[in-house]
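# Tertiary structure, described
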Amino acid sequence: MAQSREEAIGGVTSGLIALGEEVTWRAWHFGVPLQMTSRIIEMRPYEYFVDEQVKGPFKRFRHRHEFRETSVGATMIDQVEFEAPLGPLGRIVEKLVLGDYLRKLIEKRNEHLAGM
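Notes on the structure follow. Please read all numbers here as calculations on a predicted model, not as lab measurements.

### Describing the overall build of the chain
Looking only at helices and strands, the chain has 1 helix and 6 strands in total. Order of helices (α) and strands (β) in the chain, N terminus to C terminus: β-β-β-β-β-β-α. Over its C-alpha atoms, taken along the principal directions, the chain stretches across nearly 45 × 30 × 25 Å. Burial analysis of the chain (116 residues in total) assigns 28% to the buried set. Partitioning the contacts of the chain with sequence separation of at least 6, the portion at a separation of at least 24 is 20%. On the chain, roughly 8000 Å² of surface is accessible, and the fraction owed to carbon and sulfur atoms is 56%. In the chain, which carries 16 positive and 17 negative side-chain charges, the distance between the mean positions of the two groups comes to 6 Å.

Have a look at this one:
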């Protein structure tokens, strides 16, 4: 994640995270340093977990990570729901920029995780 300089800076920053725990991320997006703290709100080990933003740039951000066993290992499926701040202006930015940007960011992160 060199392009966004993403780094865990608070809460659980290494190892496994558990239900109710939080992690704070710092990254650069659109040339601006951003921080987001997420809490694990649902978890069924080896099947899925859900994190939600508790502090950060979005009005609402929810990310479900689902794991499915395959014949060669596992596949992770991401479902992201988000809402930008700023009302009508935020909805325009969601449609024009954020939706595609977040999809590409998640795909890049998954490529990084697959290569670990």
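Having seen it, we continue.
### Some thoughts on helix α1 (residues 87-114)
Taken as a whole, α1 carries its principal kink of about 55° at Glu 94. Packed against the buried residues of α1 are β2 (22-29), β5 (60-70) and β6 (73-83).

### Focus: unusual backbone geometry
Residue Arg 5 is not a glycine yet carries a positive backbone phi of 50°. Note on placement: Arg 5 falls in the segment before β1 (7-11). Unusually for a residue other than glycine, Leu 86 sits at a positive phi of about 80°. The residue Leu 86 is located in the loop between β6 and α1 in this model. Residue classification places Leu 86 among the exposed positions, given a relative accessible area of 63%.

### As for the layout of surface pockets
Empty space within the second largest pocket amounts to approximately 170 Å³. Taken together, 10 residues make up the lining of the second largest pocket; nearest its centre are Gln 3, His 29, Tyr 101, Leu 105 and Lys 108. Looking at the lining of the second largest pocket, the elements that each hand over two or more residues are β2 and α1. The element contributing the most residues to the lining of the second largest pocket is α1, with 4 residues. Its residues assigned to classes, the lining of the second largest pocket shows 5 nonpolar, 3 polar and 2 charged.

Basis of the calculations
Residues numbered from 1 in each chain as written. Predicted model: local features only at pLDDT ≥ 70, side-chain atom pairs only at ≥ 80, totals over all residues. Heavy atoms only, no water. Helix = DSSP H or I, 4+ residues; strand = E, 2+ residues; numbered from the N terminus. Buried < 20%, exposed > 50% of the residue type's maximum accessible area, 1.4 Å probe, protein only. Contact = heavy atoms within 4.5 Å. Areas by Shrake-Rupley, 256 points an atom, 1.4 Å probe, with all protein chains shown as cover. Lys, Arg positive; Asp, Glu negative; His and termini not counted. Charge placed at Lys NZ, Arg CZ, Asp CG, Glu CD. Bend = angle between axes of the 7 residues up to and from the residue. 1 Å grid on protein atoms, 1.4 Å probe; cavity = no way out; pocket = protein on both sides within 12 Å on 5 of 7 lines; lining within 4 Å. Points joined across faces, edges and corners; volume = space filled by probe spheres on them. Nonpolar A, V, L, I, M, F, W, Y, C, P; charged D, E, K, R; others polar.

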